[in-house]
Amino acid sequence: MDLEKIKNVFPLEKDIPKEFAIQEFIEQREYLIDGEIRYWAGAVQEIQSPVCIVDKSGKVSRKAIGSTPLLTSKESTEALEAAVKAYNLGHGYWPTLTVNERISHMERFVSKMKEKRHEIVKLLMWEIGKSLKDAEKEFDRTVVYIIDTINALKDSDRDASRFEMQEGVLAQIRRVPLGVAVCMGPFNYPLNETFSTMMPALLMGNTVVFKPAKYGVLLIQPLLEAFKECFPKGVINVIFGSGRAIIGPLMETGKVDLFAFIGTNTGANDLKKLHPKPHRLKAVLGLDAKNPGIVLADADLQVAVKESILGSLSYNGQRCTALKILFVHKNIVDKFIEAFTEELGKLKIGMPWDEGVSLTPLPEPGKTDYLKGLVDDALQHGAKVMNPNGGVVNETFFYPAVMYPVNEHMRLYKEEQFGPVIPIVPFSDVETPIRYIVNSSFGQQASIFGKDSKQIAYLIDALVNQVSRININAQCQRGPDTMPFNGRKDSAEGTLSVKDALRAFSIRALVATKDSEDNKEIIRQIIRERQSSFLTTDYIL
Ligand code: G3H
């Protein structure tokens, strides 16, 4: 990569394409509690885009694009109380509504959400620096996720419409809600990862307090009206502010039944610990990871390089599933690095809306300093930067650095960099990466690149009790969303997928009776005369 290109990566205001430009500062003051969009007159958080602008004098600075409310525990407690009231100990309107009716509310929401695609995609680019292609993908994938979840719920409700007879016991089993859910997501997928927990939670009849991610907050505003219109009051409450300040006090009340959180394990622990009755809090967590790629001596170099580039650098390496350390067999490590750095050099740098762009600026304040610290530490311990201009920083932009040879004395060996630094560790014995994974605090996924089935099988068996997904000749990833997404150790709690999420946010309840003619007649009458909404054989068409 040409140094001049990195130095000139940021645009002048006039160079921003009109359809993606932010004309006016977005001062967002609204939040949603108890079916009411309220106006906040207090302190706000300014939103600085990762995109910097070059002014006439040549000065480069982050563009301030808007502000969001910094609510206090007073407002978050009101949001919780609204959700508690709407749930009404399981007797509220929403938890007692039929599945079919809840689905109609959700379908209305999806159609309104689709109308906001352009606005949300644009904000994804400006708030978190995601490329246009990836931002569109995030939006569309979220819509598909909701539709798939609706279909999965219909299927499960159809299965539940029949009775089971076992050992003389006649029963009907259905899934019912758990209570009040607090949903929080990460900045790298501020739409997808919050909605992939919140929507199944709602569909199952829970009521929700939703706090958007740390960055990627403004993009929720266009949906507030749709939330208000499509769901009964109190069913969904949307609050803004610092997680610790506004969510901590909610946990302390003991009134939160479900905690859906995608973020760091320390953040999740701190909040979980505040609940006075931890056994009454069900948590669904997606946390940290340090997924390794293992490149065996016989690996197809082209495939291994292509997938490792995708795995370590898609969205600048800011994915929980990213490949965050590469173990490469010493017989091919030189060739691998040569091919890897060559491919990396072809990746286009630029602004999120630039055609074909891969590498964009980073949203977290101080992130480039942190990454530079990791590179410096590795250099001090004997690694080298293997690619031209690796680690060059321009404000919020960090050009990827390939570090080699990395060893256990370097921070990069263990720390989750969550950014564009690629540590490469040479090995001669597969026990080296196996030991690394066994001793790691994380256990999300791993990738194996190679051809020899015997060796791959050996690694599969060695790793299958360590991580939750092993990818053969492919990068690590969450999708397809119908497949289980989870992790061990500090990487996750619970499993997500279209079907698993519906299970995670509900509990089975059954109505059972002894198989006698009198009992059967009671059941028949309840069904015939439609006396119960739980005990019914209605079939969703
Ligand atoms: O950040 C973690 C995401 O769940 C990763 O999803 O593999 O589809 O990018 P992805």
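Refer to the structure above for everything that follows.
Residues numbered from 1 in each chain as written. Predicted model: local features only at pLDDT ≥ 70, side-chain atom pairs only at ≥ 80, totals over all residues. Heavy atoms only, no water.

Participant: Sorry if this is basic, but what is going on with the pattern of salt bridges here?
Facilitator: Side chains carrying opposite charge are able to pair once their charged atoms draw close together. A full pass over the atoms with the stated rule returns 32 salt bridges. The salt bridge involving Lys85 is made with Asp34; its shortest N-O contact spans 3.1 Å. Of the two residues, Lys85 sits in helix α2 (residues 73-87) while Asp34 sits in the loop between β2 (30-33) and β3 (36-39), which places them 51 residues apart along the sequence. Owing to a relative accessible area of 52%, Lys85 belongs among the exposed residues under this scheme. (Salt bridge = Lys/Arg side-chain N within 4 Å of Asp/Glu carboxyl O. Helix = DSSP H or I, 4+ residues; strand = E, 2+ residues; numbered from the N terminus. Buried < 20%, exposed > 50% of the residue type's maximum accessible area, 1.4 Å probe, protein only.)

Participant: Please explain the environment of Ile128 as it appears in this structure.
Facilitator: Mapped onto the secondary structure, Ile128 falls in helix α5 (residues 117-128). Expressed as a C-alpha distance, the spacing of Ile128 and Ala268, which sit 140 residues apart in the sequence, is 22 Å.

Participant: Explain the side chain of Ser49 to me, please; I cannot follow it from the model alone.
Facilitator: Tracing the backbone shows Ser49 in strand β4 (residues 44-54). We classify Ser49 as buried; its relative accessible area is 0%. Those residues within four positions of Ser49 in sequence are excluded, and the remaining contacts are Arg62, Lys63, Ile65 and Trp126. (Contact = heavy atoms within 4.5 Å.)

Participant: Would you mind going over helix α13 (residues 367-380) with me for this structure?
Facilitator: Along an α-helix, a turn takes 3.6 residues, which lines up residues three or four apart on a common side. The end-to-end C-alpha distance of α13 is 20 Å, a good match for the 20 Å that 14 residues give at a rise of 1.5 Å each. Taken residue by residue, α13 has Lys367, Thr368, Leu371, Leu374, Val375, Asp377 and Ala378 as its buried positions. Buried residues along α13 sit in contact with β15 (384-385), β16 (393-394), β17 (397-398), β18 (401-404), α14 (411-414) and β19 (421-427). With its phi angle positive at about 105°, Gly382 sits one or two positions after the end of α13. (Expected span 1.5 Å × (residues − 1).)

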